[in-house]
Amino acid sequence: MSLRGMHLVFIVASIALAVMVTVWGAAMYMSDRGTWGHLAFAAGSLASAGGMAIYLVEFTRKSRAIGMR
């Protein structure tokens, strides 16, 4: 697998992990032990996943533009 391919795999895995942490934080917030910290943690994880998704699109676009396949 190429370096570009490995990079894409790790970005997608990181996005998936951030989404799972978002779900966990939201579930903890909705439980009887939930605090505002859980909600803030979920929001931060969701923002992180969004940022990585934007990075994934831009990386794919730029790597194709320079001829990496």
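All values reported here derive from a predicted model rather than from experimental measurement.

1. Looking at the packing of aromatic side chains
Piece 1. Inspection of every chain in the model, using the stated rule, returns three aromatic pairs.
Piece 2. Aromatic pair Y29 and W36: ring centres 5.6 Å apart, planes at 50°, arrangement tilted.
Piece 3. For the pair Y55 and F59, a centre-to-centre distance of 6.1 Å together with 25° between the ring planes defines the contact as stacked. Here Y55 and its partner F59 are both found in helix α2 (residues 36-65), four residues apart, which amounts to about one turn of the helix.
Piece 4. Taking the relative accessible area as the measure of exposure, Y55 reaches 41% and is therefore partly exposed.
Piece 5. Judged by its relative accessible area of 18%, F59 is buried.

2. Thoughts on the environment of L39
Piece 1. Locating L39 in the fold gives a position in helix α2.
Piece 2. Accessibility expressed as a relative area gives 32% for L39, which makes it partly exposed.
Piece 3. A sequence separation of 10 residues divides L39 from Y29, and the C-alpha atoms of the two residues are 5.7 Å apart.

3. Regarding the pattern of salt bridges
Piece 1. Overall, the coordinates contain one salt bridge when judged by the stated rule.
Piece 2. Two residues, E58 and R61, come together in a salt bridge whose shortest N-O distance is 3.1 Å. Taken together, the residues span about one helical turn, with E58 and R61 both in helix α2 at a distance of three residues.
Piece 3. Its relative accessible area of 33% is what places E58 among the partly exposed residues.
Piece 4. A relative accessible area of 54% places R61 in the exposed class.

4. Topic: the packing of helix α1 (residues 3-30) against α2
Piece 1. Packing of α1 against α2 leaves a shortest axis separation of 8 Å and a crossing angle of 160°. As far as their axial angle goes, α2 and α1 are roughly antiparallel. Relative to α2, α1 is oriented so that their crossing is left-handed.
Piece 2. Residue composition of the contact of α1 with α2, grouped by class: 22 nonpolar, eight polar and two charged.

5. With respect to the nonpolar core
Piece 1. Grouped together as the largest cluster of nonpolar side chains are five residues: L8, I11, I15, L56 and F59.
Piece 2. Broken down by secondary-structure element, the contributors of at least two residues to this core are α1 and α2.
Piece 3. At three residues, the largest contribution of residues to this core is made by α1.
Piece 4. For I15, the contacting residues outside a window of four places in its chain are A49, M52, A53 and L56.

The rules behind each value
- Residues numbered from 1 in each chain as written.
- Predicted model: local features only at pLDDT ≥ 70, side-chain atom pairs only at ≥ 80, totals over all residues.
- Heavy atoms only, no water.
- Phe/Tyr/Trp six-rings, centres within 6.5 Å; stacked < 30°, edge-to-face > 60°.
- Helix = DSSP H or I, 4+ residues; strand = E, 2+ residues; numbered from the N terminus.
- Buried < 20%, exposed > 50% of the residue type's maximum accessible area, 1.4 Å probe, protein only.
- Salt bridge = Lys/Arg side-chain N within 4 Å of Asp/Glu carboxyl O.
- Axes fitted to C-alpha atoms, helices over the stretch in contact; angles between N-to-C directions.
- Parallel < 35°, antiparallel > 145°, perpendicular 65-115°, else oblique.
- Left-handed = near helix turned anticlockwise from the far one by under 90°.
- Nonpolar A, V, L, I, M, F, W, Y, C, P; charged D, E, K, R; others polar.
- Core = buried A, V, L, I, M, F, W, Y, C linked by side-chain atoms within 4.5 Å.
- Contact = heavy atoms within 4.5 Å.

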